[in-house]
Structure formats: C-alpha cells, structure tokens
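What follows is each chain in one-letter form.
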There are 2 protein chains.
Amino acid sequence: MGVRAQQKEKTRRALVDAAFNQLSAERSFSSLSLREVAREAGIAPTSFYRHFKDMNELGLTMVDEGGLTLRQMMRKGRQRAEAGGSVIRISVDTFIEVLESNPNVFRILLHERSGTSAAFRAAVEREIEHFISELAHYTEAQANRTPDLARAQAEALVILVFNAGASALDLKRSERKALADQLVLQLRMVATGAEALQQKMENRS
Amino acid sequence: MGVRAQQKEKTRRALVDAAFNQLSAERSFSSLSLREVAREAGIAPTSFYRHFKDMNELGLTMVDEGGLTLRQMMRKGRQRAEAGGSVIRISVDTFIEVLESNPNVFRILLHERSGTSAAFRAAVEREIEHFISELAHYTEAQANRTPDLARAQAEALVILVFNAGASALDLKRSERKALADQLVLQLRMVATGAEALQQKMENRS
DNA sequence: TAAATTAGCGTACAAATGTACGCTCAACTT
DNA sequence: AAGTTGAGCGTACATTTGTACGCTAATTTA
C-alpha cells in the first residue's frame, strides 16, 4: 500500500476512534456533530468528507466494526467454555468482561437499536441476528431442539443478555455481580423451559 | 379553577401533545428542539419557559404520563383475562393492542431507556419497575413462587415483552401476528422453566 | 521529468438553536 | 376601583451547525 493510501487510512481510523471515544453514558452517537468528531480527530471539518459521505456513514461503519469486535471476543470466550463447566455461566462471565472492556461499542449498539434511523436499526438488528443464529445452531445440535423452538429459545437468551448489558453499563463493578447471577438464573429458566416444552410436544405426537 | 389557570393548563397540554405528535420512527424526543415544539403547539418559543424549565422537564413529564397511560390500559386488559383463558395469551394480545394505539408513548420509553440522560433512564426504569413488581406479586401469589424466583421470572417476562414491542413498532400489521406467537412461546418457556426450577429447589431441600 | 490526482485546509455563509430582556393586556386580588 | 400578577409575544444575539468552493502541496502515474 502506497504512502498516500496509508496516511488516508490512518486519518480514517482517527475519525472512527474519535467518534468512539466521544461516546459515553451522557453522549450518544446521534448527538455528535460532524465538527466535533473532526475536531477530536485533529482534522478540518471539511476534510471529513474525504472519508465519509456524512455522519450516517460513519455511524454505520462503527456499528459494523463494533459488532465484529463483539463477536470475535465472544467466540474466544466460547473456546474457554469448551474446557468444561456451565456453558451459561461461562458465557455470561465472558459477556460481562467484554462489556467492561468495550463499553462504547455496546452503547452505540444499544442506543441505535431503538434509534431514529432505519438504516441503523437494521444494522444493529443484523449484528444481533448473528448472535442469535450462531446460538440457535449450537442449541439445535447440542440439545437436539426443533429448529423453531431453538430459534425462539436463542432469541430469548440473546435478548435477556443484551438487556442485562444495558443495565450493567449503569452499575458499579460490585453490583454487576448480582446482576450476573440474576441473569444466569433467567437464562436457566429459558433453557429449562425450552427443554420441558420440547418434551411435552414429543409426548403429544 | 380560574379562567387564567385553565388557559395555562390548556397551553401546557398543547405543548405535551405537540411533542408526542412529533415523535415517529424517524424522530426521537432528544432530536426535537424547543422551538419546534413551541411552533407545533402554536406559541412563541420564549413562552415555552412559562411551563417547563427546559426540554428535559417536558420529556420527564411525558415519560411519567406515558407510563401511567400504559399501566392503566394494561390493567383494563387484565380484567378481561380474569374471565378465563390463557393469561399469557390475553396479556400479549392486550399489549399489542396498547402498542398499536399508543405507538409514540412506546417510542419515548424505548428510546430514552437507552438514552443519554440519566434522569430519563431512571424515569423509564421506574415505569418498567412498576410492571415488573405488579407481575412479580401476581406470580408469587398465583403460582406460589419464591420471592426472588418470582422477581427474576417477572423481570424476564417484562423484558421479553418490551423487546418484542420494540420490534413490533417496525412491523406491518400482518407480521405482528407471527411476532406475537413467538413471544407467547418465549413467555411460556420462562414460566415453565421457572416452575421446573422451583420444583427442583424444593426437592433438594 | 512532466502531468494528474487528491488529502487536507481556510474562508465563507445560510440556517437553526437556546435564551435574555422588556412589553402588553387580560385576569385576579385587595 | 385601583393595583398586582403573569401568560404570551417580539426582538435580539451569540453560538453552533453542515457544507460549498477553491487552493496547496505532496504523492502517484505516465
């Protein structure tokens, strides 16, 4: 890659990073202005356009990138689970760790999920869908579930996890422990319930 | 109430209604400007201050008012359920109806739940907490659950319902049917799972 | 080496925003 | 009847925003 393209990529990264860094509990992506991001990245406002058509395009990039990061981290965590122990417990712990080390990635996903732009909502939904279908396949194979039951179960699990994530963002480290425990309990409810429903259906037919 | 106070109340209502009416899938509360709301309500921008300290105060009013509306409607629906039939099914159907007739009340709750103002998040959480504790008490009495199990169960149920609500806002009428069915299935999972977990605990002790 | 490309800059402008200030006049109080 | 209050208005202003336009200088291509 030429010197020129390299420098351009570097600036682009500076923009993305600047935007991520400005996110916080008090600052959502949609409240960031183009000028603020450019300022933080150390370039002139008008130079922004050399990299993105508008703020929307930057945001979508962030959602995609964030979702990818999350999935990679969760996948690594899952490898730990293969060593043995409760899958649910280990997954929840991994999730909390991921959340703690990437709070802003979470913020943008959670916020824009109920956001004002259809494109954003769709993008976030796509990321969540990745999680759901990975999990559904896993459950289908592992617990021998009916496809549609596996799907409903996976969806419920993911929703509960993401919601707990949203709450966790506002909590202190110590309170997160209790939240994680409650979450584990809820996930077990869903898993146990799905199993019971499946058995009932099998007996009936 | 005097003529004067009456007129003031009327204008205040006009402001609240104006704000609610401007909400849509493309427009969140936080994206509304004071001037826009005043314009829609038919008053001068500066007159806004006669009624609210700032937009934040207006928003909190809307959250409180919206939450109240929702609870009242759900309570009416619950009376229908007492006539017999599946509590879950009837509750879900009621919920969908409520959602369809008050989409904007939902939007503000859903969006500000993950919003940028701590006061807003707390207010929404308070509203959701109402639902959870009402449901937890119901379950505790009805199904004879342990308090903490009842709590975890109620929370899971409410979260699943609200999440489905968020998705439903983006769907066409016909697609909502399928979503409702899936939601019912998930709620049954939780209920069945909670029951099973409780039994297991009782046997163990 | 000469020409073409382009990342980044500075200037500029129209639009919109929140809100300070002071006025009016109808409603209320005394 | 006289005096007080306050809801609503218009004017005004500083600030911030997105973005159009044209320039520069370094890199790339020919």
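Residues numbered from 1 in each chain as written. Chains lettered and ligands numbered in written order. Predicted model: local features only at pLDDT ≥ 70, side-chain atom pairs only at ≥ 80, totals over all residues. Heavy atoms only, no water.

(A) Here's a closer look at the relation of the copies chain A and chain B. For these two chains of identical sequence, chain A goes onto chain B by a turn of 180° and a shift of 0.0 Å along the axis, with RMSD 0.0 Å. What the rotation and shift describe, once combined, is the action of a two-fold rotation axis. No C-alpha of chain A lies nearer the rotation axis than that of G193 of chain A, which sits 1.8 Å from it. Looking at chain A, 100% of its interface residues are interface residues in chain B too, so the copies touch through the same face. (Least-squares fit on C-alpha atoms with pLDDT ≥ 70 in both. Contact = heavy atoms within 4.5 Å.)

(B) Seen up close, the UniProt feature "DNA-binding region" (unreviewed entry) in chain A. Following the UniProt record, one finds the feature "DNA-binding region" (unreviewed entry) at residues 33-52 of chain A. In residues 33-52 of chain A, the share of helix is 40% and the share of strand is 0%. The end C-alpha atoms are 13 Å apart. (UniProt positions renumbered as here; feature names shortened; annotations may be inferred. Helix = DSSP H or I, 4+ residues; strand = E, 2+ residues; numbered from the N terminus.)

(C) Highlighting the protein's contact with DNA strand C. Contacts to DNA strand C come from 22 residues, most closely from R4, T11, A44 and H51 of chain A together with R35 of chain B. Within the backbone of V3 of chain B, an N or O atom sits 2.8 Å from a phosphate oxygen of DNA strand C. Listed by contribution, the elements that provide at least two residues to the surface near DNA strand C are α1 (3-22) of chain A together with α1 (3-22) and α2 (34-41) of chain B. (Near = heavy atom within 4 Å. Polar contact = N/O pair within 3.5 Å; in protein donor to acceptor, adjacent residues only side chain to side chain.)

(D) Region of the structure containing helix α7 (residues 147-169) of chain A. In this model α7 of chain A runs 33 Å from its N-terminal to its C-terminal C-alpha over 23 residues, within 8% of the 33 Å that 1.5 Å per residue would give. With 18 of 23 residues buried, α7 of chain A is to be regarded as a mostly interior element. (Expected span 1.5 Å × (residues − 1). Buried < 20%, exposed > 50% of the residue type's maximum accessible area, 1.4 Å probe, protein only.)

(E) Region of the structure containing the domain arrangement of chain A. Residue and element names in this part refer to chain A. Under the domain assignment used here, chain A contains domain 1 (1-52) and domain 2 (55-204). Each of domain 1 and domain 2 was reduced to a C-alpha centroid, and the two centroids are 29 Å apart. Facing 19 residues of domain 1, the contacting portion of domain 2 comprises 14 residues. Both sides together, the interface formed by domain 1 and domain 2 hides about 1,400 Å², and carbon and sulfur atoms give 72% of it. By the criterion of area lost to domain 2, the three top residues of domain 1 are F20, F29 and F52, representing 45% of everything that side buries. One can count 1 salt bridge joining domain 1 with domain 2. The salt bridge partner of R13 is E65, with a shortest N-O separation of 2.9 Å. If you look at where domain 1 meets domain 2, you find 3 residue pairs in polar contact (both at pLDDT 80 or more). Every element with two or more residues in the side of domain 1 that touches domain 2 is listed here: α1 and α2 (34-41). Across the side of domain 1 that touches domain 2, the residue classes tally to 11 nonpolar, 6 polar and 2 charged. (Domains from an automatic or database assignment. Buried area = accessible area lost by both parts, 1.4 Å probe. Salt bridge = Lys/Arg side-chain N within 4 Å of Asp/Glu carboxyl O. Nonpolar A, V, L, I, M, F, W, Y, C, P; charged D, E, K, R; others polar.)

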